[in-house]
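Residue-level structure breakdown
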Amino acid sequence: MTSEIILQYFPDLSAEQREQFEKLPALYEHWNSQINVISRKDIDLLFERHVLHSLGIAKVMAFLPGENVLDVGTGGGFPGIPLAILFPKTQFHLVDSIGKKIKVVTEVAAALGLRNVKASHLRAEQIADKFDFVVSRAVTQLKDFYPWVKGKFNKQSNNKLPNGILYLKGGDLEKEIKESGLKVTQYHLKDYFKEEFFETKQVIYVKG
């Protein structure tokens, strides 16, 4: 699996962005051998299952220059790192409660020369800053996730969707959404990507 899958869906990448995406497999193989942040079987499918999956958010929402995005429970840097490559003029703050995962994020961002990424060993509740959007990838149930980030949104919205949460989730979400009591909009990634992996994957949007 090469970065060709990314170019297929995002053909307008600059030479620098292409180079940054190309570097990801070697960087993650290196760090994964020391600190396990991606399952061993997934490392060969990095572009499909991690990079392109992260970029599913970009099919729903193009972040604007100067916007601030918080990635909660980023793990090894997903969805934050691929989104930071795609939107170099948007600021991304990647947080995780596990310090060794943040070490990987910091090292990967530095190796890629990403100047729009800040990484912190924190829980979401500890962050006092305000953001335009919060992104995350299947960290926990929506009903538990929402209280972590409630009140962390800038009042002024400039994008096509009001400031809020863009959450990557998979499977049948009807019960989870109902239990959350939140008003959500569901975007099915199979409408954007043809690979079988995306058949049940969604981006869930919740207004902040």
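Residues numbered from 1 in each chain as written. Predicted model: local features only at pLDDT ≥ 70, side-chain atom pairs only at ≥ 80, totals over all residues. Heavy atoms only, no water.

So, about the overall build of the protein. The secondary structure content of the protein amounts to seven helices and seven strands. In terms of overall size, the protein behaves like a compact globule, its C-alpha atoms giving a radius of gyration of 16 Å where 208 residues would be expected to give roughly 17 Å. Overall, the C-alpha framework of the protein stretches about 40 × 35 × 30 Å when taken along its three principal axes. Burial statistics for the protein: of 208 residues in total, 53% are counted as buried. Approximately 9900 Å² of the protein is accessible, and the part contributed by carbon and sulfur atoms is 49%. (Helix = DSSP H or I, 4+ residues; strand = E, 2+ residues; numbered from the N terminus. Rg over C-alpha atoms; globule rule 2.2 N^0.38 Å. Buried < 20%, exposed > 50% of the residue type's maximum accessible area, 1.4 Å probe, protein only. Areas by Shrake-Rupley, 256 points an atom, 1.4 Å probe, with all protein chains shown as cover.)

At a minimum axis distance of 10 Å, the contact between helix α2 (residues 15-34) and helix α5 (residues 99-112) shows a crossing angle of 145°. You can see that α2 and α5 cross each other, and the crossing is right-handed. Seen from α2, the contacting residues are Q20, K23, L24, L27, Y28 and W31; seen from α5, they are K103, V104, E107, V108, A111 and L112. Partitioning the contact of α2 with α5 into residue classes produces eight nonpolar, one polar and three charged. (Axes fitted to C-alpha atoms, helices over the stretch in contact; angles between N-to-C directions. Left-handed = near helix turned anticlockwise from the far one by under 90°. Contact = heavy atoms within 4.5 Å. Nonpolar A, V, L, I, M, F, W, Y, C, P; charged D, E, K, R; others polar.)

Our next topic: α5. In this model α5 runs 20 Å from its N-terminal to its C-terminal C-alpha over 14 residues, within 8% of the 20 Å that 1.5 Å per residue would give. Among all positions in α5, only I102, V104, V105, V108, A109 and L112 are buried. Buried positions in α5, seen along its axis, are confined to an arc of 155° and lie on one side of it. Away from its buried face by more than 90 degrees, α5 exposes K100 and A110. Where α5 is buried, its residues touch α2, α4 (80-86), β2 (91-96) and β3 (117-121). Looking at the residues trailing α5, positive phi occurs at G113, about 70°. (Expected span 1.5 Å × (residues − 1). Arc of directions from axis to C-beta.)

This next bit is on the sheet that holds β3. Here we have seven strands laid out as an open sheet, ordered β3-β2-β1-β4-β5-β7-β6, and mixed in their pairing. Taken across any chain shown, the strands that pair with only one partner, and hence form the sheet edges, are β3 and β6 (184-188). Strand after strand, the sheet turns through a mean of 20° between neighbouring axes, direction not considered. Here five bridges tie β2 to β3, and the two strands are oriented parallel to one another. Paired with V95 across the two strands is S120, which belongs to β3. In the packing of helix α3 (residues 46-60) onto the sheet, the strands contacted are β4 (133-137), β5 (164-170), β6 and β7 (201-207), and the crossing angle to β5 comes to about 140°. Strands in contact with α5 are β2 and β3; relative to β3, the strand with the most contacts, it is inclined by about 165°. (Pairing = 2+ DSSP bridges.)

Of all hydrophobic cores here, the largest spans 54 residues; its most connected members are I6, F10, L24, Y28, F63, I81 and L166. Ranked by the residues each element gives to this core, the list is headed by α3, at eight residues. Those residues in contact with L24 that lie beyond four places of it in its chain are L46, V51, I81, I85, V108 and L112. Core analysis: the second largest hydrophobic core is formed by 19 residues, A124, V149, F153 and I204 among them. (Core = buried A, V, L, I, M, F, W, Y, C linked by side-chain atoms within 4.5 Å.)

Turning to the packing of α2 against α3, a few remarks are in order. Closest axis-to-axis distance for the α2/α3 pair is 11 Å, and the angle between their directions is 125°. In terms of their interaxial angle, α2 and α3 are classed as oblique. α2 and α3 meet at a crossing whose hand is right-handed. Residues F21, L24, P25 and Y28 of α2 form the contact with α3, whose participating residues are L46, F47, V51 and L55. In terms of residue class, the contact of α2 with α3 is made up of eight nonpolar, no polar and no charged. (Parallel < 35°, antiparallel > 145°, perpendicular 65-115°, else oblique.)

Glancing now at helix α6 (residues 142-149). Where α6 is concerned, the buried positions are L142, F145, Y146 and V149. Relative to the axis of α6, the buried residues are bounded by an arc of 100° and lie together on one face. Taken from the residues just after α6, G151 is the one with a positive phi, measuring 85°.

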